[in-house]
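Listed below are the residues making up each chain.
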Amino acid sequence: MSGAVSLSSLFTNSLISSLRTTKTRNLGMPMALLHTLAVTHVFRKQDKMFGFCSYGSRTKTFSTSSSTTTAFGATLWDPSSDCPYPDYNRLLPCPSQHGAPRVEHLVVREGGPVLEYISKAVDLPPQFVADLIHFGAVYYALVCPKPPPTATSEQIKIFKEVTDPEFLRKRKSIKGKTFREAQKTFRITRPDEFVEEGTYLRVHIHPKRFPRCYEIDWKSRIIAVAESYVILDKPAGTSVGGTTDNIEESCATFATRALGLTDPLWTTHQIDNCTEGCVVLARTKQYCSVFHGKIREKKVKKLYLALAAAPVPIGVVTHYMRPVNVAPRLVSKDITQGWHTCQLEVLECKEVPWPNASTEQKLRIDNCGWPKKDVAYECKINLLTGKTHQVRAQLAAIGAPIVGDSMYIPAAIAEAINPGLNPFGDNGKHYESEEERVKAVEEWMAQHGKEPSIAIGLQACQISWDDGEHLYEARTPWWR
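Think of each chain on its own: its residues are numbered from 1, step by step along the sequence as written. At least 70 in pLDDT is required for a residue's local features to be given in this predicted model, at least 80 for side-chain atom pairs to be given and counted, and no such filter applies to totals for whole chains, interfaces and linings, which use all residues. The basis for every side-chain value is the complete set of non-hydrogen atoms in the structure, without hydrogens or water.

The name recorded for the protein chain in an unreviewed UniProt entry is Pseudouridine synthase RsuA/RluA-like domain-containing protein, from Papaver nudicaule.

This is how it looks when you write it as C-alpha cells:
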C-alpha cells in the first residue's frame with residue numbers, strides 16, 4: 001500500500017474479534033505509547049506520490065496519480081522542490097480572517113514525527129501545524145474508525161487494509177486492547193510525538209476562534225482566589241474551558257496565566273459563550289471532582305440576571321426540554337416522556353432602558369428585527385434546574401427572548417406573527433400523522449437563527465454552595 005490517503009468523517013464502534021484479546025483495559029497514554037501514536041494519511045518518500053480522497057460536504061474526488069493538487073484545489077508541497085511553504089499568518093495571535101470549517105481525517109502508513117507528517121500530508125507550514133497542536137486541534141486513535149455509508153469503494157478498501165487482522169497483529173501498541181478501546185481518540189500534545197503506521201489522525205485545520213480573549217484585562221475579572229478554587233467573572237464572547245479544537249483561547253487558560261499559576265485551572269461547570277458572570281475554576285483535579293459532587297447533590301445555587309425584550313411574569317416557569325444535544329434547544333409546555341424538566345423562578349422583573357447603540361455595536365448585539373426597543377426588562381432568576389440554553393429557551397418560549405439572542409429571537413418573532421408555528425407552544429396544533437409532526441418540528445427548528453457573536457443580556461450574577469458558606473457575586477452587567 002503506497003501513496004497518501006485521506007479518510008474523512010470516520011465514525012464507528014464496531015469490534016474485530018480477530019484481535020483475540022482475553023482482557024480489557026482502558027486505553028490511556030502509558031509512557032511507552034506517548035511517542036508511538038498513529039495517523040491516517042499515507043506518504044511514500046520513494047516516489048513522492050500522494051492520493052487524496054474526501055467525502056462529506058467537500059468535493060468527492062480521488063487521485064492516485066503523481067499530481068500535486070488535492071481535492072480541495074490546494075497545491076501540495078513537494079519535498080524535492082526549492083519552493084518554501086506559502087506565507088503563514090500565525091494562529092497566535094488571532095488572525096483577522098476566519099477560515100471555513102475544515103477537518104482532515106488521515107491514516108499513517110509510514111511512521112514519523114507527527115508535525116512533519118501532517119505538514120507534508122495536508123500541505124501546511126510546520127509552524128501552523130505546531131500551533132494547531134498547541135491549540136489542541138489534533139487528535140489520534142490507534143485504530144482507524146469505519147467510514148460512513150457515503151464512503152467510496154476506494155475508501156472502504158483503505159479501511160479494510162489498515163484494519164485487517166493480520167496487519168493489526170503486527171502492531172504492538174494495540175496488544176491487550178479491544179478494538180473499541182483502540183478507536184478512542186486522544187489529543188496530540190507535542191509536535192515531536194512519533195506516529196506509527198496504521199494510526200488515525202483528525203486535524204482541525206480551522207479551529208473555532210475567540211478573539212475577545214485578547215481584549216480582556218483578565219486580572220480585573222478575578223473575583224476571588226481561594227486555596228482550592230478561583231472565582232472568575234467570565235466575559236461574554238469567551239469559552240469557559242475551550243472547545244473540541246481550541247483549548248488555548250479559554251477562560252481557564254487565560255485566568256491561569258493572569259494569576260501566574262504553575263498548574264492549570266480546571267473547569268467545574270459551564271455557562272454559554274455569550275453569557276457573562278460567575279464561574280468556579282478548580283485549582284486541583286481533586287477539588288474539581290468535589291465541586292462536581294456538590295452540583296450532583298444540588299448544593300450549588302445559581303442566580304442569573306436576564307435582560308428580556310418583553311416583560312416576564314413573577315414565579316416559577318416550567319418547560320420540558322427535548323433530549324437532543326444540538327442547538328437550538330426545543331422546549332415544550334406539556335409533559336413529554338423522556339424530555340428533561342426545566343424550571344426557573346423569576347424573583348423580580350423591572351423595566352430598564354434598552355442598551356444604547358454604542359454598547360450594542362461594541363458587543364455586536366444582534367436583535368434580529370425585534371420591533372420594540374425603547375425599554376427592556378431586567379429579571380432576577382433563580383435557576384432551579386441547569387440545562388444547556390435553559391434560560392434562553394424558556395424565556396423565548398414565553399415570548400420574552402433575551403436581548404441580543406440571535407438564535408432564539410427570530411423564532412419568537414415568527415411565533416408572534418404566525419401563532420401555532422411552534423408545535424410545542426400554547427397554540428401548538430394537533431397533527432394527524434407522525435410525518436406531519438416531524439415536518440412541523442423541522443420547520444420550527446428552521447425559524448431559529450445563529451449563535452450570538454459576542455454577548456447577550458444574560459449574566460450569572462451569583463453563585464453559592466454549602467448553604468451560602470461560599471457566596472460570590474459578579475460585577476455590574478454590561479448593559480447597565
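After that view of the structure, there is still more to cover.
1. Quick look at the packing of aromatic side chains
Any Phe, Tyr or Trp ring, taking Trp's six-membered ring, that has another such ring centre within 6.5 Å forms a pair; planes under 30 degrees apart are called stacked, those over 60 apart edge-to-face, and the others tilted. The tally for this structure, following the rule as stated, stands at 11 aromatic pairs. Taken together, a centroid distance of 5.7 Å and an interplanar angle of 85° make the contact between Tyr214 and Phe254 edge-to-face. Within this pair, whereas Tyr214 is found in the loop between β9 (200–204) and β10 (222–225), its partner Phe254 is found in helix α7 (residues 251–258), the two being separated by 40 residues in sequence. Look at Tyr214 and you get partly exposed, because its relative accessible area is 35%. Runs of E in the DSSP output that reach at least two residues are strands. Runs of H or I that reach at least four are helices, and both are numbered from the N terminus. For every residue, the accessible area (1.4 Å probe, protein chains only) is compared with the maximum for its type, and the residue is labelled buried under 20%, exposed over 50%, or partly exposed between those bounds.

2. Structural notes on empty space enclosed by the protein
Grid spacing is 1 Å over the protein atoms alone, the probe is 1.4 Å, and a cavity is where that probe fits but cannot get out, while a pocket is an open set with protein on both sides within 12 Å along at least five of seven lines and lining residues have an atom within 4 Å of a point. Grid points are joined across faces, edges and corners, and a volume is the space filled by probe spheres set on the points. Under the counting rule described, the total for this entry stands at one cavity of 30 Å³ or more. Looking at the largest cavity, its volume works out to about 40 Å³. Along the walls of the largest cavity sit His269, Ile271, Cys278, Lys302, Tyr304, Ala460, Gln462 and Ile463, which together make up its complete lining. Contributing elements (two or more residues each) for the lining of the largest cavity: β14 (300–308) and β19 (458–465). Among the elements that make up the lining of the largest cavity, the one with the highest residue count is β19 (three residues). Polar here means any residue other than Ala, Val, Leu, Ile, Met, Phe, Trp, Tyr, Cys and Pro, which are nonpolar, and Asp, Glu, Lys and Arg, which are charged; Gly is therefore polar. Looking at the lining of the largest cavity residue by residue, the classes come out as five nonpolar, two polar and one charged.

3. Observations concerning the pattern of salt bridges
By convention in these notes, a salt bridge is any Lys or Arg side-chain nitrogen within 4 Å of a carboxyl oxygen on Asp or Glu. Taken as a whole and assessed by the stated rule, the structure comprises 20 salt bridges. We note a salt bridge from Asp131 to Arg90, for which the minimum N-O separation is 2.5 Å. Residue Asp131 is found in helix α3 (residues 126–135), and its partner Arg90 is found in the loop between β3 (62–63) and β4 (103–107); the two are separated by 41 residues along the sequence. On the accessibility criterion, Arg90 (32% relative accessible area) is partly exposed. Here Arg392 makes a salt bridge to Asp272, at a shortest N to O gap of 3.0 Å. Within this pair, whereas Arg392 is found in helix α10 (residues 390–397), its partner Asp272 is found in the loop between β12 (266–267) and β13 (276–282), the two being separated by 120 residues in sequence. Pair check on accessibility: Arg392 and Asp272 agree, each one buried. If you follow the salt bridges from partner to partner, you end up with Asp272, Arg392, Asp405 and Glu451 in one network.

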